[in-house]
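Okay, here's what each chain looks like letter by letter:
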Amino acid sequence: PPRMEDVMVAKRLYLLFTEHQCKIVMPHVSSCSGRTFETRDPRTGEVIATVAEGDKEDVDLAVKAARDAFDHGEWPLMSGSERGRIMTRFADLVEQHADELAALESLDAGKHPAVTKAVDIGNAAGSLRYFAGAADKIHGETLKMQGQFQGYTLREPLGVAGLIIPWNFPTTMFGIKVAPALAAGCTMVVKPAEQTPLSALYLADLAKKAGIPDGVINVVPGFGPTAGAAIASHMNVEMISFTGSTEVGRLIMEASARSNLKPVYLELGGKSPLIIFDDADLDMAVELAISANFFNKGEACIAASRVYVQESIYDGFEKKLAERMKTWVVGDPLNDPTVNQGPQVDKAQYERVLSYIEHGKREGATLLTGGKPCGQKGYYIEPTVFTNVKEDMIIAKEEIFGPVMCLMKFKTVEEAIARANETPYGLGAGVVTRDLDVANRVVRSVRAGLVWVNCYFAVSSDCPFGGRRMSGFGKDEGMHALDKFLAVKSVVTPLRASPW
Ligand code: ADP
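These numbers come from a predicted model, not from an experiment.

Student: How would you summarise the overall build of the protein if you had to cite specific residues and measurements?
Tutor: Broken down by element type, the protein carries 16 helices and 20 strands. A globule of 500 residues ought to have a C-alpha radius of gyration of about 23 Å, and the protein, at 24 Å, matches this closely. Seen along its three principal axes, the alpha-carbon backbone of the protein occupies a region of about 80 × 60 × 40 Å. When contacts within the protein are restricted to residue pairs at least 6 apart in sequence, those whose partners lie at least 24 apart make up 75%.

Okay, structure coming up:
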C-alpha cells in the first residue's frame, strides 16, 4: 500500500520541479537543430518541461562520443571489479534519489510514487547491483580441440550499444538495459521514450556522479521515427536492445538488416493469459486478476489482459470481482495515497485505450465495470472489465496497454491451454490452482517467456525477462542479458611450434 510520506515527498518535489521548470533535469547540450519538444503532466495535460529534441545529427554525435569512449576510454579496459564498484555506487545513488525519481515519474508518466519506488527503483538499482556482481565474472572457456591445437574463447564487449526504451517503466527500463551493457564494458546511446524523457536524463546525471566516465552513457531524448530510427540504422551501433511495440520492433529489425546487420533483441507486446482453475482461493485469484490488469494503469507489456476462469467458479468470481472493483480508486497519485490507479501516460494513449473500449462495446462484449473516462481533466480511465468476450473480438486479440480486462470462461485444462495459446504473442502467462499436476501441465504447454504460478508480475534481477513469437526474443535481466552485450572470440594456438 502507498505510504503517505512517499506521496508528500513526491508532491513537494513535484512543486520544486515545476517551479524550476525542470531545469535540474535538462540535458547538458542543446540539440543540433536547436529544436525542443514538450513533455506533459498526464494528470492535467499541462506542459511540465521542454526537452532538447535529438535527431540523426545528435545521434551521430552521441555514437561518436560512445565510440571514442569505447576505443580510447578506460571503461572497456577497466577491471571488472572496478566497473562493478562504480556500478554499485550508481545503484546507491539511484536509491538515495528515490524521492526525486518518484516525483519525476509521477509528473512525467502519471505513475504512483509508491510504485516507482518499489518497482522502478527496486528494479533499476537491483539490476545495477546484480550486474555489478557479474562484471568481474566474464570469462571464456578453454578448448581441447582436435589435432595439434588448443584454443580458448574470449568474451569481449561488443562496442556501442543502442538502447531504445518505452514510457511505462522508464526508470526500470533504463536500469535493466544499461546495467548489463555497463558490466560487459560496452558504451551506449540511450533513447528514452518521447512521452517520458526526464528520468533518463536524471539517471545519466547520477551515473556521472557515480564515476562512470564521460561518453559511456549518452542519452538522446527525441522521437522514434527520427532519433530512434537513426540509432537502429547507425553503422557504428553494434547491437540494439529494444523494448516497445511489436510494430516498431519490426522496423528496428528492418533497419538493422538494411544497415550493418547489428544483432537486435526485442521485448515487445503481449496479450498474456491468466488461467484460474476451480480449486483456486477465490479471493487471491480476484486480487491477482486485478493487479495483473490494473497495476500501473494497465500499462504493462506483461498485463494478463485475458483472464480465463473455470466454469464452475465463474459466477462467484465475476461477482467478487465486481464487488472488489467498487473499492478501486482512480485519481491523482500525487494528491491521495489511497489512489490505486493514476492517469494514462498521454493523450494519444488515453484515446487509443478508449477506442478499444468502444470496439469492445460495439463487438457485443458486456461491461462488468468501467467503460468510460473519468475525472474533470487529465487522462483518467475507469478500470474496465468486459465479460461475454469471444476470442475473435479485437479486445481479446490486440494489446490494449490500458486498464481493460477481458474475462472469459473455460471448462477443461486442455481447452484453457489451447485458448491461452491462441495468440501470436508469447510474453507472460499465469496459472492459479492448488493442483500441482494441473499447474505443471499449463507451465509446460503455454507458449510464453515467463509463467507465474499462484502469483503474477513477480520479477527480479536474476529472473530472465522476455518473450517469444511476436513478443520478441532475447532476455533482459539474468545472465542471458549479459550475453547480448558480449561477443565470443575463439582463439586457436598450436601445441607445437610447427604443427603442420
Ligand atoms: P508505444 O507504442 O508503446 O509508444 P513504441 O514502440 O512506439 O511504443 O515506442 C517505444 C520506443 O521506441 C520509444 O522510445 C519510441 O520513441 C521508439 N521508437 C518509435 N518508433 C521508432 C522507430 N521507427 N525506430 C526506432 N525507435 C522507435
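Student: Can you tell me about the packing of aromatic side chains, naming the residues and giving the values?
Tutor: Centre distance and the angle of the planes are the two values used to describe a pair of aromatic rings. Applying the stated criterion across every chain yields a total of 10 aromatic pairs. Between Trp167 and Phe401 the ring centres are 5.3 Å apart and the planes differ by 85°, which places this aromatic pair in the edge-to-face class. In this pair, Trp167 is assigned in the loop between strand 5 (160–164) and helix 6 (170–184) and Phe401 in the loop between helix 13 (394–397) and strand 16 (404–410), connecting sequence segments 234 residues apart. An identical accessibility class is assigned to Trp167 and Phe401; each is buried. Between the aromatic rings of Phe169 and Phe295, the centroid separation amounts to 6.3 Å while the plane-to-plane angle is 25°, which identifies the pairing as stacked. Note that Phe169 is positioned in the loop between strand 5 and helix 6 and Phe295 in the loop between helix 10 (282–294) and strand 11 (306–310), a separation of 126 residues in sequence. A relative accessible area of 23% places Phe295 in the partly exposed class. Grouping aromatic residues by their ring pairs yields a cluster made of Phe169, Phe295, Trp452, Tyr456 and Phe457.

Student: So what's going on with the pattern of salt bridges? Residues and values would help.
Tutor: Close approach of charged atoms allows side chains of opposite charge to pair. This model, assessed by the stated rule, comprises 32 salt bridges. With a closest N to O distance of 2.3 Å, Arg441 and Glu414 form a salt bridge. Of the two residues, Arg441 is situated in helix 15 (residues 436–445) and Glu414 in helix 14 (residues 413–420); the sequence distance between them amounts to 27 residues. Judged by relative accessible area, Arg441 falls into the partly exposed class, the value being 39%. Residue Glu414 is classed as partly exposed on the basis of its relative accessible area of 48%.

Student: Before we move on, can you summarise the pairing of strand 4 (residues 149–157) with the specific residues and values?
Tutor: Of the pairings in the sheet, the one linking strand 3 (residues 142–143) to strand 4 comprises 2 bridges and is antiparallel in character. Following the sheet pairing, Leu143 is matched in strand 4 by Gly151. The loop that links strand 3 with its antiparallel partner strand 4 comprises 5 residues; one of these, Met145, has a positive phi angle of about 65°.

Student: Could you give an account of the packing of helix 4 (residues 98–109) against helix 5 (residues 113–134), with specific residues and numbers?
Tutor: At a minimum axis distance of 8 Å, the contact between helix 4 and helix 5 shows a crossing angle of 115°. In this structure, the crossing between helix 4 and helix 5 has a hand that is right-handed. Note on element contacts: helix 5 touches helix 4 through Pro113, Thr116, Lys117 and Ile121, opposite Ala98, Asp99, Leu101, Ala102, Glu105 and Ser106.

Student: Before we move on, can you summarise the site of the ligand with the specific residues and values?
Tutor: Among the 19 residues in the neighbourhood of the ligand, the closest are listed as Ile165, Trp167, Lys191, Glu194 and Ser245. Residue Gly224 places a main-chain N or O atom 3.3 Å away from an oxygen atom belonging to the ligand. Between a nitrogen atom of the ligand and a main-chain N or O atom of Ala229, the distance comes to 3.4 Å. Protein contacts shield 83% of the accessible area of the ligand, which totals 550 Å² for the unbound molecule. Put simply, the ligand lies in the largest pocket. Among the elements of the structure, helix 8 (224–232), strand 8 (239–243) and helix 9 (246–258) are those that each provide at least two residues to the shell around the ligand. For the shell around the ligand, the element with the most residues is helix 8, which contributes 4 residues. The class makeup of the residues in the shell around the ligand is 11 nonpolar, 6 polar and 2 charged.

Student: Please set out the layout of surface pockets residue by residue, giving values where relevant.
Tutor: Once rolled over the atoms, a probe with the size of a water molecule shows which space is left empty. The calculated volume of the largest pocket comes to roughly 990 Å³. The wall of the largest pocket is formed by 37 residues, among which Trp167, Phe242, Gly244, Ser245 and Val248 lie closest to the centre. Put simply, the parts of the chain that give the lining of the largest pocket at least two residues each are helix 8, strand 8, helix 9 and helix 12 (347–362). A breakdown of the residues in the lining of the largest pocket according to their chemical character gives 19 nonpolar, 11 polar and 7 charged.

What counts and how
- Residues numbered from 1 in each chain as written.
- Predicted model: local features only at pLDDT ≥ 70, side-chain atom pairs only at ≥ 80, totals over all residues.
- Heavy atoms only, no water.
- Helix = DSSP H or I, 4+ residues; strand = E, 2+ residues; numbered from the N terminus.
- Rg over C-alpha atoms; globule rule 2.2 N^0.38 Å.
- Contact = heavy atoms within 4.5 Å.
- Phe/Tyr/Trp six-rings, centres within 6.5 Å; stacked < 30°, edge-to-face > 60°.
- Buried < 20%, exposed > 50% of the residue type's maximum accessible area, 1.4 Å probe, protein only.
- Salt bridge = Lys/Arg side-chain N within 4 Å of Asp/Glu carboxyl O.
- Pairing = 2+ DSSP bridges.
- Axes fitted to C-alpha atoms, helices over the stretch in contact; angles between N-to-C directions.
- Left-handed = near helix turned anticlockwise from the far one by under 90°.
- Near = heavy atom within 4 Å.
- Polar contact = N/O pair within 3.5 Å; in protein donor to acceptor, adjacent residues only side chain to side chain.
- Areas by Shrake-Rupley, 256 points an atom, 1.4 Å probe, with all protein chains shown as cover.
- 1 Å grid on protein atoms, 1.4 Å probe; cavity = no way out; pocket = protein on both sides within 12 Å on 5 of 7 lines; lining within 4 Å.
- Sits in = over half its atoms within 2 Å of the grid points.
- Nonpolar A, V, L, I, M, F, W, Y, C, P; charged D, E, K, R; others polar.
- Points joined across faces, edges and corners; volume = space filled by probe spheres on them.

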